[in-house]
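Secondary and tertiary structure notes
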Amino acid sequence: MRITVNVDGVRYDDDVEPRLLLVHYLREHAGRTGTPVGCDTSNCGACTVLLNGTSVKSCSMLAVQADGAEVTTIQGLAATANGTADGGLHPLQRAFHEEHALQCGYCTPGMIMAAADLLKDNPHPTEEEVRDGLEGNLCRCTGYQNIVKAVLKAANQEVKA
Amino acid sequence: MTAIQETGNEVGKARVRKEDARLITGQTNWTDNITLPGLAHIAFLRSPHAHARITSVDAHEARNASGVFAVLTGQDLRDEQGSLPCAWPVSEDMVLPDHPAMAVDTVRYGGEIVAAVVARDRYAAADALELIDVEYEELPPVLDMEEAIKPGTTKIHDQGNKSYTWELANGDLGQAFNDAPVVLERTYRQQRLIPEAMEPRSVVCAPVGDEYTMWSATQIPHILRLMLAMVTGIPEHSLRVIAPDVGGGFGSKLQVTAEEILSLLIARRLGRPVKWTESRSEGNVAVHHGRDQIQRIRIAADADGRIRGLDVNLLADMGAYLMLVTPGVPLLGAFMFNAIYKMDAYRFNCTGVFTTKTPTDAYRGAGRPEATYAIEHVMDDLAAHLGVDPLELRERNWIKHDEFPYDTISGLTYDSGNYEAATARARDLFNYQDLRKEQSERISADSPVRLGIGVSTYTEMCGLAPSRVLGSLSYGAGGWENASVRMLPTGKVEVVTGSSAHGQGHETAWSQIVADQLGVAFEDVKVLHGDTQVSPKGLDTYGSRSLTVGGTAIVLACGKVREKARAIAAHMLEVSVEDLEWTEGRWAVRGDPDQGKTLAEITLAAFAAHDLPDGVEPSLDSDATFDPENFSFPHGTHLCAVDVDTETGKVKIRSYVAVDDIGHVVNPLIVDGQVHGGLAQGIAQALYEEAAYDDSGNLITASLADYLVPSAADLPSFITDRTETPSTGNPLGVKGVGEAGTIASTPAVVNAIIDALRPFGVTDVEMPCTPERVWRAINEAKGGAK
Ligand code: FES
Ligand code: FES
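Reading the values: rules and limits
- Residues numbered from 1 in each chain as written.
- Chains lettered and ligands numbered in written order.
- Predicted model: local features only at pLDDT ≥ 70, side-chain atom pairs only at ≥ 80, totals over all residues.
- Heavy atoms only, no water.
- Helix = DSSP H or I, 4+ residues; strand = E, 2+ residues; numbered from the N terminus.
- Rg over C-alpha atoms; globule rule 2.2 N^0.38 Å.
- Buried < 20%, exposed > 50% of the residue type's maximum accessible area, 1.4 Å probe, protein only.
- Contact = heavy atoms within 4.5 Å.
- Areas by Shrake-Rupley, 256 points an atom, 1.4 Å probe, with all protein chains shown as cover.
- Lys, Arg positive; Asp, Glu negative; His and termini not counted.
- Charge placed at Lys NZ, Arg CZ, Asp CG, Glu CD.
- Patch = residues over 30% accessible without salt bridge, like charges linked within 9 Å, V, L, I, M, F, W, Y side chains within 5 Å.
- Salt bridge = Lys/Arg side-chain N within 4 Å of Asp/Glu carboxyl O.
- 1 Å grid on protein atoms, 1.4 Å probe; cavity = no way out; pocket = protein on both sides within 12 Å on 5 of 7 lines; lining within 4 Å.
- Points joined across faces, edges and corners; volume = space filled by probe spheres on them.
- Nonpolar A, V, L, I, M, F, W, Y, C, P; charged D, E, K, R; others polar.
- Buried area = accessible area lost by both parts, 1.4 Å probe.
- Axes fitted to C-alpha atoms, helices over the stretch in contact; angles between N-to-C directions.
- Parallel < 35°, antiparallel > 145°, perpendicular 65-115°, else oblique.
- Left-handed = near helix turned anticlockwise from the far one by under 90°.
- Domains from an automatic or database assignment.
- Polar contact = N/O pair within 3.5 Å; in protein donor to acceptor, adjacent residues only side chain to side chain.
- Pairing = 2+ DSSP bridges.
- Core = buried A, V, L, I, M, F, W, Y, C linked by side-chain atoms within 4.5 Å.

Along chain B, the regular secondary structure elements total 21 helices and 28 strands. Its C-alpha atoms give chain B a radius of gyration of 28 Å, near enough to 28 Å, the size a compact globule of 786 residues would have. Principal-axis analysis of the C-alpha atoms gives chain B an extent of 90 × 70 × 50 Å. For chain B, the proportion of its 786 residues judged to be buried stands at 65%. Long-range contacts, defined here as pairs at least 24 residues apart, represent 79% of the contacts in chain B between residues at least 6 apart. A total of about 26900 Å² of accessible surface is found on chain B, and carbon and sulfur atoms cover 47% of it. Distance from the positive charge centre (69 side chains) to the negative charge centre (109 side chains) of chain B: 2 Å.

Dropping the structure here:
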């Protein structure tokens, strides 16, 4: 099937198999390997991207369902969003770095994309709201404490900006 | 004993990590990202049965499917695949069954590989799997360890279902238990766990002529290369193993896997590069599991609670085969059941048992969480039995800070520690007295939500390991680590380490150490690792060894650089070597500090080599290998408060305080992160996770929908702090921290739950302490509904 997708600001016209998962399309056809795969049951959130600005698990959709859509991955987040002044990093990326919110980094792209969506809907979340909001994203390394801290920090920075 | 070195100003700083730049922007190099011209994709067909004979495999249709390059069965590979390695034959009579990478005639656990498809892409490979027709003759599964070793039970291997029995004893146990005023007997269950590193395993293997490069999501590129050579007969120097960015391990990637061996054999057969990446559900049956013990504990004590003797009997589930260090894992616990306590006699006896389940092996803590759980649980039971505060009981038994170095009953020498200080700090942070008061108020009010306080005063042995000790335990390798330092003409430094990080932040922490040791800027240090061609010598990352052993190797290598530089500096300054002293990155003349040369100046002079002293080679580079004389022994006091809703069985962690003593700290940011993650994994064992099998031997928690890795919403924020009693076993004074949180936290949480329920007569709740189990425990103790 023929699809047209905009991925991180670049337009792609491609013929894809109907069963191709969006995450595999992003990784293997669009070369956006920044978005990894962590499970096969839509539980881990590692593959989270923004589809027309809203977070989705790209392993739980087909590429053809993204026809006509704009996809933002971790690799396009800073450029797509406003506020890229700080060396090309999105406030969430900067906060994850500063608060040591990642260890192996495998969950990080999905975590940041999910957090970006969370802050869009709720710019001033409480700790509990951050924890509940990230429920669909698993991290095995950090115990989440610094992830929560980073998201709260990014939220505050956006207020100041 | 090694003198502790004064540290400069980098070590101890909360440096944000160098690694993050690529990880937060998606520029990471995971194995599954790698693609090569002509890359073929492998998919494995796995046994749906726990135990069965393979009567026929028909791959005809699959071989003819579109895009399929090859289909291979166990029969095809039987003469070349060898047996997967086990590096730890714990006893001379240990049963070590043949373990083919691909099953030939019998499968012994659900998930064992029976065939491989090699195809043009992952979808075509998966499609063709469905075209393979395997006929099985089912055999009875063997799922229960106690049943497994009874006579008459179906034999999983010809040699039977018992692998070994191993014993360690010291002191007169009979005397300790005879006439003891108090003897408690308990049986605890360590459930089976799945490590669940977030990056699934992945392998790419590329042949170039008769040489092979393998990229693998592994913790152990060096050990893997050696083992690939030994298993396949391909010469070691024709193999290069690369661990690119690796997304967590926790022991699960401390393995030489069937998939790695088969990828290499298939790449050789087909003469083309191949890739295999597992799905999570595949990984949950195929990645080794952890824990799984039945622990029978007897403790004898005086009326005042002083421990006289401890008797430990374990059944440890090996699963269907022995993998890299499977049989040795429970034995790491042999030295840890006695924990921080003094006693007169001790016996540890462990029987390794085969079942028709996924093999077990190292999972974060490996043997030590199991031991710590049992001793800390039984100490709380003993305290309750005697009516003594659990912290008070521990204090009566623990080694005092002025008794170090202390020779323990299990034969180790603890070099340093201060249990009093860590406990005092934890009590304060936790508001111990106030919480105890609130607890009794709730009991008096017969509140439906009870408060429980759990104690865990743990220690552990890590920094694996003195090679001699490993030798005495029959382990197949040493425990040293290697480092080399390369001084570049511009004054930049490349440090090559044999440790192989997969989230630990070595690039940052090692840079801090080198910056202090050589007086160079943190930014001027580049850490190289994880590729056997770049870092030819190493024993990799596990057992909280990288800093204590690998970090020390770096210190030693830096010392050699300084000494080489000194001779050149003396020549440049026309003074004698003895006249120079090292200050802030320079060799300067004693008493005349303006006269000196920076390391960068000396490095450039060595590079130019125009005017070097006679006999001095034009290089400052160095290489050092460190073999520790002892383990390191982190310790700490963890306190956990839980609210238990007695009507629903629901447990909520209300506060968690962790005070750890890991000696000097190189990077507090990284240390806190390690502790947080470790706590989460230990709490997950206490409350959420279990690899469960049904009666026919199917893993019923094979996906992340069923195996409950906790999310942010399931965990609290932790209060962490440290006391600092330097290790005397290495020049940095450091101890390991990678496993401490996991080792300490499981008993703290379970003890808290039981503490809340003791008024009802509850003495144990089997892990994971789900609401249902907690509710049942209350009602059974009350004599109510089961
Ligand atoms: S890979 Fe998409 S949710 Fe796990
Ligand atoms: S940082 Fe490793 S899984 Fe989150």
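Together, E128, E129, D132 and E135 of chain A together with D714 of chain B make up a region of like negative charge exposed at the surface. Its place among the elements puts D714 of chain B in the loop between helix 19 (668-687) and strand 28 (719-723).

As a volume, the largest pocket reaches approximately 860 Å³. Forming the boundary of the largest pocket are 36 residues, of which R122, A126, T277, E278 and S279 of chain B lie nearest the centre. Taken together, the residues of the lining of the largest pocket break down into 18 nonpolar, six polar and twelve charged. As for the second largest pocket, its lining consists of 31 residues, of which K650, Y688, A713, D714 and L715 of chain B are closest to the centre. At the level of elements, helix 5 (127-133) of chain A together with strand 27 (651-661) of chain B are the ones that each hand at least two residues to the lining of the second largest pocket. Looking at the lining of the second largest pocket residue by residue, the classes come out as 16 nonpolar, six polar and nine charged.

A common way to state how big an interface is: give the accessible area lost once the parts meet. Facing 53 residues of chain B, the contacting portion of chain A comprises 44 residues. When the two sides are added together, the surface that chain B and chain A hide from each other amounts to roughly 4200 Å², 55% of it contributed by carbon and sulfur. Counting the surface chain B buries against chain A, the share from its top three residues, I24, Y123 and M198 of chain B, is 19%. At the junction of chain B with chain A, the criterion picks out four salt bridges. Put simply, the parts of the chain that give the side of chain B that touches chain A at least two residues each are helix 1 (20-23), helix 4 (122-129), helix 9 (280-286) and helix 19 of chain B.

Quick look at the packing of helix 19 of chain B against helix 20 (residues 740-757) of chain B now. Residue and element names in this part refer to chain B. Contact geometry for helix 19 and helix 20: axes closest at 7 Å, N-to-C directions at 45°. Classified by the angle between their axes, helix 19 and helix 20 sit oblique to one another. Seen from above, helix 19 lies across helix 20 with right-handed handedness. Side by side, helix 19 and helix 20 meet where V675, G678, L679, Q681, G682, I683, Q685, A686 and L687 of the first sit next to G741, T742, S745, T746, V749, V750 and I753 of the second.

All names here are of chain A. For chain A, the domain assignment lists domain 1 (2-77) and domain 2 (83-156). Spacing between the C-alpha centres of domain 1 and domain 2 amounts to 20 Å. If you look at the interface, domain 1 gives 19 residues, while domain 2 gives 14 residues. Taken as a group, T48, I74 and L77 account for 39% of the area that domain 1 buries against domain 2, more than any other trio of residues on that side. Connecting domain 1 to domain 2 are zero salt bridges. Counting across the interface, domain 1 meets domain 2 through seven residue pairs in polar contact (both at pLDDT 80 or more). Contributing elements (two or more residues each) for the side of domain 1 that touches domain 2: strand 3 (48-51) and strand 4 (54-57). A breakdown of the residues in the side of domain 1 that touches domain 2 according to their chemical character gives eight nonpolar, ten polar and one charged.

Okay, the sheet that holds strand 24 (residues 592-598) of chain B next. Residues and elements named next belong to chain B. Across the sheet, which stays open at both edges, the three strands sit in the order 22-23-24 with antiparallel pairing between neighbours. Strand pairing shows two members of the sheet lacking a second neighbour, strand 22 (580-583) and strand 24, which therefore form its edges. In this sheet, adjacent strand axes meet at a mean angle of 35° when their direction is disregarded. Relative to strand 24, strand 23 (residues 586-589) runs antiparallel, the two being bridged by four bridges. What sits directly across from W587, in strand 24, is K597. Where helix 18 (residues 599-608) meets the sheet, its contacts fall on strand 22, strand 23 and strand 24, and the angle it forms with strand 24 comes to roughly 45°.

What follows concerns the sheet that holds strand 25 (residues 622-626) of chain B. All names here are of chain B. Ordered by their spatial adjacency, four strands build an open sheet running 21-20-19-25, and the pairing between neighbours is mixed. With one partner strand each, in any of the chains shown, strand 21 (525-528) and strand 25 form the two edges of the open sheet. Across this sheet, the average inter-strand angle for adjacent strands is 20°, counted without regard to direction. The strands that helix 17 (residues 546-573) touches are strand 19 (481-487), strand 20 (493-497) and strand 25; relative to strand 25, the one it contacts most, it runs at about 145°.

Before going further, it helps to examine the nonpolar core. Of all hydrophobic cores here, the largest spans 203 residues; its most connected members are F96 and V151 of chain A together with W166, F337, F348, Y656 and I753 of chain B. Ignoring anything within four residues of it in the chain, the contact list for F348 of chain B reads W166, E167, L168, V312, L314, P330, L331, G333, A334 and F337 of chain B. Counting 41 residues, the second largest nonpolar core, distinct from the first, contains V520, V561, A565 and W587 of chain B.

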